[in-house]
Amino acid sequence: MAKIGKRSVAARAAFEGKVNLSVEEAVKLIKSAASAKFDETVEIAMNLGVDPRHADQMVRGVVRLPNGTGKTVRVAVFARGAKADEAKAAGADIVGAEDLMETIQSGKIEFDRCIATPDMMPLVGRLGKILGPRNLMPNPKVGTVTMDVKAAVEAAKGGEVQFKVEKAGVIHGGIGKVSFTEDKLAENVRAFVDAVTRAKPAGAKGTYVKKVSLSSTMGPGVSLDLATTAN
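Computed from a predicted structure; not experimentally measured.

(A) Quick look at the overall build of the chain. Helix and strand content of the chain: eight helices and nine strands. Counting only C-alpha atoms, the chain reaches 60 × 45 × 40 Å along its principal axes. By residue count, 46% of the 231 residues in the chain fall in the buried class. Expressed as a percentage of contacts within the chain between residues at least 6 apart in sequence, the contacts between residues at least 24 apart total 74%. Carbon together with sulfur atoms contributes 51% to the accessible area of the chain, which is approximately 12100 Å² in total. Each charge sign in the chain was given a centre, from 34 positive and 26 negative side chains, and these centres are 5 Å apart.

(B) Layout of the pairing of strand 5 (residues 113–116). Taking every second residue as pointing to the same face, both faces of strand 5 are buried, with Arg113 and Ile115 on one and Cys114 and Ala116 on the other. Pairing of strand 3 (residues 75–78) with strand 5 involves four bridges; the strand directions are parallel. Opposite Ala76, over in strand 5, you have Cys114 as the bridge partner.

(C) Focus on the packing of aromatic side chains. One pass over the full model with this rule turns up one aromatic pair. Between Phe163 and Phe192, the ring centres sit 5.8 Å apart and the planes meet at 55°, which makes this aromatic pair tilted. In this pair, Phe163 is assigned in strand 6 (residues 160–164) and Phe192 in helix 8 (residues 182–198), connecting sequence segments 29 residues apart. Here the two residues Phe163 and Phe192 agree in accessibility, since each one is buried.

(D) Main features of the packing of helix 2 (residues 23–33) against helix 8. Look at helix 2 against helix 8: their axes get within 9 Å of each other, and the N-to-C directions meet at 125°. The angle between helix 2 and helix 8 falls in the class oblique. Note on packing geometry: the crossing formed by helix 2 with helix 8 is right-handed. Residues Val23, Glu24, Val27, Lys28 and Lys31 of helix 2 form the contact with helix 8, whose own contacting residues are Glu182, Leu185, Ala186, Val189 and Arg190. Class assignment of the residues belonging to the contact of helix 2 with helix 8 gives a composition of five nonpolar, no polar and five charged.

(E) Spotlight on the sheet that holds strand 9 (residues 221–223). Strand order in this open sheet of four strands is 7-1-8-9, and the pairing throughout is antiparallel. Two strands in the sheet have a free side with no partner beyond their single neighbour: strand 7 (170–177) and strand 9. Going from strand to strand, the sheet's axes swing by 25° on average, the running direction of each strand aside. One ladder, built from three bridges, connects strand 8 (residues 209–216) with strand 9; its direction is antiparallel. Bridging from a neighbouring strand, Leu214 pairs with Val222 of strand 9.

(F) Layout of the layout of surface pockets. Of the pockets and cavities examined, the largest pocket occupies roughly 690 Å³. Looking at the lining of the largest pocket, the elements that each hand over two or more residues are strand 5, strand 6 and strand 7. Residues that form the lining of the largest pocket fall into these classes: nine nonpolar, 10 polar and eight charged. Taken domain by domain, the makeup of the lining of the largest pocket includes at least three residues from each of domain 1 (18–69 + 160–224) and domain 2 (75–157).

(G) View of the environment of Ala204. Structurally, the position occupied by Ala204 is in the loop between helix 8 and strand 8. It is 6.8 Å that separates the C-alpha atoms of Ala204 and Gly49, two residues lying 155 residues apart in sequence. With near-sequence residues (within four places) excluded, Ala204 lies in contact with Val50, Asp56 and Gln57.

How each quantity is defined
Residues numbered from 1 in each chain as written. Predicted model: local features only at pLDDT ≥ 70, side-chain atom pairs only at ≥ 80, totals over all residues. Heavy atoms only, no water. Helix = DSSP H or I, 4+ residues; strand = E, 2+ residues; numbered from the N terminus. Buried < 20%, exposed > 50% of the residue type's maximum accessible area, 1.4 Å probe, protein only. Contact = heavy atoms within 4.5 Å. Areas by Shrake-Rupley, 256 points an atom, 1.4 Å probe, with all protein chains shown as cover. Lys, Arg positive; Asp, Glu negative; His and termini not counted. Charge placed at Lys NZ, Arg CZ, Asp CG, Glu CD. Pairing = 2+ DSSP bridges. Phe/Tyr/Trp six-rings, centres within 6.5 Å; stacked < 30°, edge-to-face > 60°. Axes fitted to C-alpha atoms, helices over the stretch in contact; angles between N-to-C directions. Parallel < 35°, antiparallel > 145°, perpendicular 65-115°, else oblique. Left-handed = near helix turned anticlockwise from the far one by under 90°. Nonpolar A, V, L, I, M, F, W, Y, C, P; charged D, E, K, R; others polar. 1 Å grid on protein atoms, 1.4 Å probe; cavity = no way out; pocket = protein on both sides within 12 Å on 5 of 7 lines; lining within 4 Å. Points joined across faces, edges and corners; volume = space filled by probe spheres on them. Domains from an automatic or database assignment.

Shown next, in the form of structure tokens:
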């Protein structure tokens, strides 16, 4: 049996018996219990009353966190000509067309967000089996297939987070770092919950948001009082 470290024991003790906390209480607890030697990400998990196997119950979207994520996002853009120049000027890390496709096909994926102009989608479509499972496939529904390359790159760099429900009906997302102030983390939590709530699909029946939990990268999780998550 694996030995539990002193930090894990202390963290678990701090969380013992604490459930359905307000957003502010949960953020304070997570910040105080985080003890890793790096700046841990504060993660949110939302259990939804949907079955994403049905198309009318799929939940996906984007949210611009008011205080960013604290993470450096590497952006790749499929574009040619003037749109490629626009992407580079906006701060895209990688810009290309067939050359970028070949790089990805070789197994080299050095980006966290992929954007494409509509005319590039026949090319990008060939990468579906590589980009799809990694949630990197450009999609017009989340603004990553667009002619406004500048705005898409700036949004990705400025703290925009994509979300998509998983098979079990759960959405995960990073909403900041433990080094953020409590107020900034609380603002980001409410912005994320609000965006997912607004993305409620037509086919959702019964209770939509069943549970919301927060945790840090290395720490235990705590459930939130749903009444405190509203903006």
